[in-house]
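Structural overview for review
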Amino acid sequence: MLKERNPVKELLQSDAYGTQAHVKGWVQTKREGKNVAFIALNDGSTIHHLQIVADVTRFGEETLKQITTGACIAVTGELVPSQGAGQKVELLAKQIEIYGTADPEKYPLQAKRHSMEFLRDIAHLRPRSRTFGAVFRIRHALAFAIHKYFNDNGFYYLHTPIITGSDAEGAGEMFRVTTLDPRKPPLTETGEVDYKQDFFGKATNLTVSGQLEGELGALALGKIYTFGPTFRAENSNTARHLAEFWMVEPEMAFYDLEDNMDLAEDFMKYLIRYALDHCPDELQFLETRLLEEEKNKKQEERSPMPLIEKLRFVVDNQFERLDYTQAVDILMKSKPAQKGQFVYPVSWGTDLQSEHERYLVEKHFKKPVILVNYPMHIKSFYMKQNDDGKTVRAMDVLFPGIGEIIGGSQREENYDKLYARVKALNIPEESLWWYLETRQYGTAPHSGFGLGFERLTLFVTGMTNIRDVIPFPRTPQNAEF
Ligand code: 4AD
Ligand code: MG
């Protein structure tokens, strides 16, 4: 047998009839004809299957019986024009090697529609389903596009730490990292855990964001980005929150809020266009799947546009940009506010909830929205203060079906103003001295933002739960696999 295998993706586009090909993959289905068996084989290179035609007398009933859904096989054969509809070519099997069988009585991933909840329980096998194969290929394409975009635009990829000694970002509850014995940790004289005796000689956590270190990079290299795992221990069991997620954080010296918005919009459009250009089959499959699924839903719960049209719409239209204050005005005058339909009431100064963000995007503007200049007290200490003394140069990008997909800001570069915020918020100065020093040595205006990578993937794939766009989700009470 040949050692090198031919990707199914390439064979399906080939018309080199009569040549020999060698494929390896997992059986999706097998259909028995009179004298032949038809095996649909998938090798992960494409959403589509290669049809293998296996002669019953040649291979024998015994062998063919072992080739069932989920089995892994290698096939050498001749590429021939397909007799059946639905594909151009098929493989006439000459040799079949069975790597691994999958007992049809037990194999959980049968060739039928399973619920998303069930598939989460078999996350070790779900990448083999067509839906998850499509999602993870798109996820890969988006990750690649992120690196390409930044590399092509003069940004440096900076690796910021995952274990951090500062909990100053205030972005959420953190996971403690420790090697102390949980049953009898060393105590200080006042009876608290003595983290001086811990591995790092201080209390440490998993990072909630690479931003603070990212700023240090931007104030030297000019334009940087991070792209790594971040962790939040909030107990929010929603379809849009993970305890472990990947964040993309560009940080740019000499950018003001306007530049930051321009970059965010251009970046998002580039990524979506990249997926449209590189994953057309996956998107088509997911669009059809979504339309199927939504058939059973009420009209108002259905997506207003099919997936691909929605993606094109975002690429082709300008994002709406407005102040938080104007947004609150719109929300307070809105029908759901008048009729008391919002769960959380809105007024100037309240943090916007997902229901408000989605109203603005899906009902009012019907396109992505960038909200800026939020009240200072609901945003992080590092955001640049406006002259009004009430608001900061914050920026949130809101997307249909998602709500907040990007959070960012221009940063406060003035030492005295920044220091005043640190004091006012009782942030322990000793964990942030290095950050504050950058405002004393060669400070510069700068800006940045964070894109939640899974929220982006959620939007592009049209999936409805964030647990279904990351291979192995981490959520409260769940760290299986
Ligand atoms: O708005 P956030 O908290 O911003 C920051 O962390 C800043 N340091 C970013 C920056 O300016 N460099 O988070 C940024 C984005 C959110 O808009 C959202 O898309 C995503 O990260 N995100 C989550 N995604 C999944 N699960 C969670 N628990 C998330 N929390 C935030
Ligand atoms: Mg945010």
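Structural notes, computed from the coordinates. Keep in mind the model is a prediction, meaning the values are calculated, not measured. (Residues numbered from 1 in each chain as written. Chains lettered and ligands numbered in written order. Predicted model: local features only at pLDDT ≥ 70, side-chain atom pairs only at ≥ 80, totals over all residues. Heavy atoms only, no water.)

Thoughts on helix α11 (residues 354-365)
Every α-helix carries 3.6 residues per turn, so stepping three or four residues along brings you back to the same face. In this model α11 runs 15 Å from its N-terminal to its C-terminal C-alpha over twelve residues, within 8% of the 16 Å that 1.5 Å per residue would give. Buried within α11 are the following residues: H356, E357, Y359, L360, V361 and F365. At its buried positions, α11 is contacted by β12 (320-323), α9 (324-333), α10 (335-338), β13 (369-375), β14 (391-399) and β15 (403-410). Just past α11, the residue K366 takes up positive phi, approximately 55°. (Helix = DSSP H or I, 4+ residues; strand = E, 2+ residues; numbered from the N terminus. Expected span 1.5 Å × (residues − 1). Buried < 20%, exposed > 50% of the residue type's maximum accessible area, 1.4 Å probe, protein only. Contact = heavy atoms within 4.5 Å.)

Focus: the pattern of salt bridges
In the structure shown here, the tally under the stated rule is 26 salt bridges. Between D468 and R120 there is a salt bridge whose closest N-O contact spans 2.9 Å. With D468 in the segment after α14 (453-461) and R120 in helix α3 (residues 116-121), this residue pair connects regions lying 348 residues apart in the sequence. We note a salt bridge from K148 to D152, for which the minimum N-O separation is 2.9 Å. Of this pair, K148 and D152 both sit in helix α4 (residues 130-152), four residues apart, which is roughly one turn of the helix. Take D152: its relative accessible area is 47%, and that puts it in the partly exposed class. Several salt bridges converge on common partners, so that one network encompasses E258, D262, E265, K269 and R321. (Salt bridge = Lys/Arg side-chain N within 4 Å of Asp/Glu carboxyl O.)

A short note on the sheet that holds strand β9 (residues 204-206)
Strands in a sheet are paired, the pairing made by backbone hydrogen bonds, and the direction either parallel or antiparallel. Spatial ordering of the open sheet is given by β7-β9-β8, a layout of three strands whose pairing is antiparallel. The sheet is open, and its two edges are formed by β7 (163-164) and β8 (176-177), each paired on a single side. Sheet topology note: the β8/β9 ladder contains two bridges and is antiparallel. Looking at the pairing, V177 lines up with T204 of β9. (Pairing = 2+ DSSP bridges.)

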